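Descriptive structure summary
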Amino acid sequence: MAVKSVDVLLVGGGVMSATLGVLLKQLEPSINILMIERNEKVGLESSDGWNNAGTGHAAYCELNYTPERPDGSIDMDKAVSINSAFEISLQFWSYLVNKGFFPDPQHFINRTPHQSFVWGEDNVEFLRKRHAAMSQHPLFAGMEYSEDPAVLASWMPLIMDGRDPGEKVAGTRVLHGADVDFGSITRDLIYNLAKQPGFELLVSHEVKGFKRLDDQSWSVTIRETIQGKVDRVQSKFVFLGAGGGSLPLLQAAGIEEGVGYGGFPVSGQWLVCKKPEVVERHSAKVYGKAPLGAPPMSVPHLDTRVIDGEKALLFGPFAGFTTKFLKQGSFLDLIKSIRFNNLVPMMRVGIRHTDLTRYLISEVMLSTEDRIECLRSYYPQAQLDDWQLAIAGQRVQIIKKDKKLGGKLEFGTEVIRSADGSLVALLGASPGASTAVETMIGILETSFAKEMASEAWLEKLRDMVPSYGQVLVDDLELLKRVRDYTLTTLKLTPP
């Protein structure tokens with residue numbers, strides 16, 4: 001059995017591993033990195049363009065990021081956090097554009113206004129309060145609001161065309177929103193990594209086991225999936241960034257910090273339209289309010305998408321339930337993930353979230369005609385023949401222990417690290433890829449703390465992310481300078 005020795009092992013060929021790999025190589029060119037991916041190509045699961053919404057999540061239009069408090073006020077904390085994180089991604093991508101990592105920024109990101117749309121008096125009142133609160137915040141200054149059907153028709157013609165003129169409606173928009181092809185980002189980053197010495201990519205390989213060595217490094221058994229050849233990798237640091245596949249890997253690693261975690265898999269489907277005369281009439285991402293009982297990733301939205309240079313419209317997602325943890329996974333994934341230490345949290349979550357279960361079952365039972373009727377709530381004149389059903393990626397929501405509830409279901413992302421920081425796993429879903437850069441920098445701060453304290457790494461990091469170590473909302477001049485830089489570099493500046 002061959003043994004390979006590396007500094008860093010990245011498990012999973014998606015946007016998270018790619019981002020961490022590029023950050024490390026920019027900070028320390030001599031570092032030795034191995035990336036393994038179980039599929040025959042990288043970026044085929046959650047990072048693939050059609051497996052996610054492609055929204056550059058900045059909380060401009062996503063209403064679930066700004067819940068209403070019991071007193072009727074708007075809670076902006078999550079929106080501010082997500083927007084700040086996306087600004088870090090924009091800075092890093094701008095740096096990479098200037099370094100030639102991408103052939104052109106429009107290869108992976110395109111200006112697409114972010115809009116919210118609601119109907120009904122209660123929802124209009126909510127959106128009115130949301131805009132009033134957000135437009136006063138420096139990160140969201142410039143957000144527009146209207147209840148005028150004529151104005152809304154100019155913002156979102158497909159959505160207003162054919163709508164009841166007596167219906168109470170409202171919308172907001174931010175012109176510098178973005179559509180992001182995370183599949184293209186992933187492939188471009190890994191392509192550039194592969195050209196550098198000290199980086200190796202192994203596709204069609206999977207992890208079969210972990211062993212902690214006396215020197216605190218990790219011995220990881222890997223298997224080639226086609227011919228079954230088994231090898232061993234010894235690494236000082238291991239990152240489990242395999243999307244839905246991260247939970248079984250975390251369990252196999254056996255670190256104490258991973259005990260008690262479970263997963264709740266949620267599948268998804270999109271309605272997709274590529275008819276040119278329809279596609280050209282909509283240039284925005286328009287988000288509405290989620291149905292009662294729906295998980296956050298099922299907020300309906302009608303989106304412009306640009307994937308591999310091709311423009312299309314997408315509506316959904318329609319949620320569903322499967323026992324797979326990956327799109328190309330096994331129906332036994334959920335069952336195999338059940339342990340004595342996570343059984344109680346999973347059972348408690350199952351009992352407490354019966355409304356979610358019923359919602360997912362109802363979504364699975366929808367016919368194509370039912371889905372078109374849902375679409376017509378946003379696009380009244382939608383025609384069945386113009387739309388095709390496409391399968392989205394798998395999302396494994398986090399189930400964890402909770403002293404009060406016994407078990408808790410989380411819809412965000414979470415980093416689980418060993419006590420010494422030598423192994424890190426990333427679990428969860430939205431906003432996911434949009435916050436990849438901030439999340440990976442956070443991993444560097446804990447797992448590479450000594451190096452991150454050095455002036456050489458700090459100087460390089462500030463070169464890649466000019467606002468690093470500062471809070472944008474505390475320095476409005478810095479915020480303006482950073483946004484001018486990123487919007488210009490990435491060609492997101494409104495006309």
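What about helix α15 (residues 455-464)?
Among the residues of α15, those classed as buried are W457, L458, L461 and M464. In an axial view of α15, the angular spread of the buried residues amounts to 125°, which keeps them on one side of the axis. For α15, exposure combined with an orientation more than 90 degrees from the buried face picks out E455, A456 and E459. Buried-residue contacts for α15 involve α1 (15-27), α2 (77-98), α13 (436-447) and α14 (449-452).

Comments concerning the packing of aromatic side chains
Under the criterion given, the structure shown has 14 aromatic pairs. Ring centres 5.9 Å apart and planes at 80° place the aromatic pair F86 and W93 in the edge-to-face group. Just as F86 is buried, W93 falls in that class too. A network of ring pairs unites the aromatic residues F86, W93, F102, F108 and F182 as a single cluster. Here the basic side chain of R163 rests over the ring of W119, its NZ or CZ set 5.6 Å away from the ring centre. Here the basic side chain of K289 rests over the ring of F126, its NZ or CZ set 4.4 Å away from the ring centre.

Some thoughts on the packing of α1 against α13
Between α1 and α13, whose axes approach to 9 Å, the crossing angle comes to 55°. It follows that α1 is oblique to α13 by the angle criterion. Crossing of α1 over α13 shows right-handed handedness. Packed against α1, whose contacting residues are M16, T19, L20, L23, L24 and L27, the element α13 presents A436, V437, M440, I441 and L444 at the interface. A class-by-class count of the residues in the contact of α1 with α13 yields ten nonpolar, one polar and no charged.

Here we look at the pairing of strand β14 (residues 301-307)
Buried residues dominate β14, accounting for seven of its seven residues. The alternating pattern of β14 places H301, D303, R305 and I307 and L302, T304 and V306 on opposite faces, both of which are buried. Taken together, the three bridges between strand β13 (residues 285-287) and β14 define a ladder with antiparallel strand orientation. Bridge pairing in β14 places V286 opposite L302. Two elements, β14 and strand β15 (residues 310-320), share seven bridges in a ladder whose sense is antiparallel. The residue of β15 that forms the bridge with D303 is L314. Connecting the antiparallel pair β14 and β15 is a turn made up of two residues, with D308 showing a positive phi of about 50°.

Cut-offs used in this document
- Sequence positions are assigned chain by chain, starting from 1 and proceeding in written order.
- In view of the model being predicted, local features appear only for residues whose pLDDT reaches at least 70, and side-chain atom pairs are presented and counted only at 80 or more, with totals across whole chains, interfaces and linings using the full set of residues.
- Hydrogens and waters are ignored; side-chain quantities use all the structure's heavy atoms.
- Each residue is assigned to one of three classes by its accessible area relative to the maximum for its type, calculated with a 1.4 Å probe on protein chains only: buried under 20%, partly exposed between the two thresholds, exposed over 50%.
- Helix and strand assignments follow DSSP, with helices taken as H or I runs no shorter than four residues and strands as E runs no shorter than two, numbered in order from the N terminus.
- The directions considered for the arc are those from the helix axis to the C-beta atoms.
- Any pair of residues with heavy atoms lying within 4.5 Å of one another is described as a contacting pair.
- Centres within 6.5 Å make a pair out of two Phe, Tyr or Trp rings, where for Trp the six-membered ring is used; the pair is then stacked when the planes are under 30 degrees apart, edge-to-face when over 60, and tilted otherwise.
- Ring-over charges, as used throughout, are those where CZ of Arg or NZ of Lys falls within 6 Å of the ring centre and within 35 degrees of the ring normal.
- Axis definition: a line fitted to C-alpha atoms, limited for helices to the stretch in contact. Angles are taken between N-to-C directions and run from 0 to 180 degrees.
- The cut-offs work like this: below 35 degrees is roughly parallel, past 145 is roughly antiparallel, 65 to 115 is roughly perpendicular, and the gaps in between are oblique.
- Throughout, a crossing is termed right-handed when the near helix is turned clockwise from the far one, and left-handed when it is turned anticlockwise from it by less than a right angle.
- Classification used: nonpolar for Ala, Val, Leu, Ile, Met, Phe, Trp, Tyr, Cys and Pro, charged for Asp, Glu, Lys and Arg, polar for all others including Gly.
- Note: two strands are recorded as paired if DSSP finds a minimum of 2 bridges between them.

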